[in-house]
Amino acid sequence: LLTASGSCGVAGNNLIITPSAGKVLRLSYLAYNPSAATECAWRFGSSGTIFLRSSLTAGAIVAKDFGDMRYLEGLVDEPLFLNLSLAVVTIWNCFYVEV
């Protein structure tokens, strides 16, 4: 299990993790925490369907642990993005494997 944490703050897509060539990302935990009110959502690929979409107040936290044996998975070579409706500094966390 790999972990990644960071922050982003651009309106629209923010690149979070790019899998190694020929691999897919398999996600087991996702979280985000914006510093101001905004709408946040995850997506695989720059135009993929958004998921875990939430409208948040400043300091709110959304965290999703998929539990044992459950996960979300992108396509081969498909990066993970955090999409923000506004340019708001947002802390994010992710647990994943590459397969």
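Before any of the text, the structure's been laid out above.
How each quantity is defined
- Residues numbered from 1 in each chain as written.
- Predicted model: local features only at pLDDT ≥ 70, side-chain atom pairs only at ≥ 80, totals over all residues.
- Heavy atoms only, no water.
- Helix = DSSP H or I, 4+ residues; strand = E, 2+ residues; numbered from the N terminus.
- Buried < 20%, exposed > 50% of the residue type's maximum accessible area, 1.4 Å probe, protein only.
- Contact = heavy atoms within 4.5 Å.
- Core = buried A, V, L, I, M, F, W, Y, C linked by side-chain atoms within 4.5 Å.

Moving on: the side chain of T38. Looking at the secondary structure, you find T38 in strand β4 (residues 38–44). The exposure class of T38 is buried, given its relative accessible area of 5%. For T38, the contacting residues outside a window of four places in its chain are S54, S55, L56, L84, S85, L86 and V88.

Moving on: the nonpolar core. With 22 residues, the main nonpolar core has L27, W42, L80 and L82 as its most contacted residues. Of all the secondary structure elements, the ones that give two or more residues to this core are β1 (2–8), β2 (12–17), β3 (25–34), β4, β5 (50–56), β8 (80–84) and β9 (90–98). With four residues, β3 is the single largest residue contributor to this core.

A word on the environment of F51. When you line up the elements, F51 lands in strand β5. On the accessibility criterion, F51 (18% relative accessible area) is buried. On a C-alpha basis, the gap between F51 and L1 in space is 22 Å, while along the polypeptide they are 50 residues apart. F51 has contacts with L27, L30, A41, W42, R43, F44, L72 and L80, leaving out every residue within four places of it along the chain.

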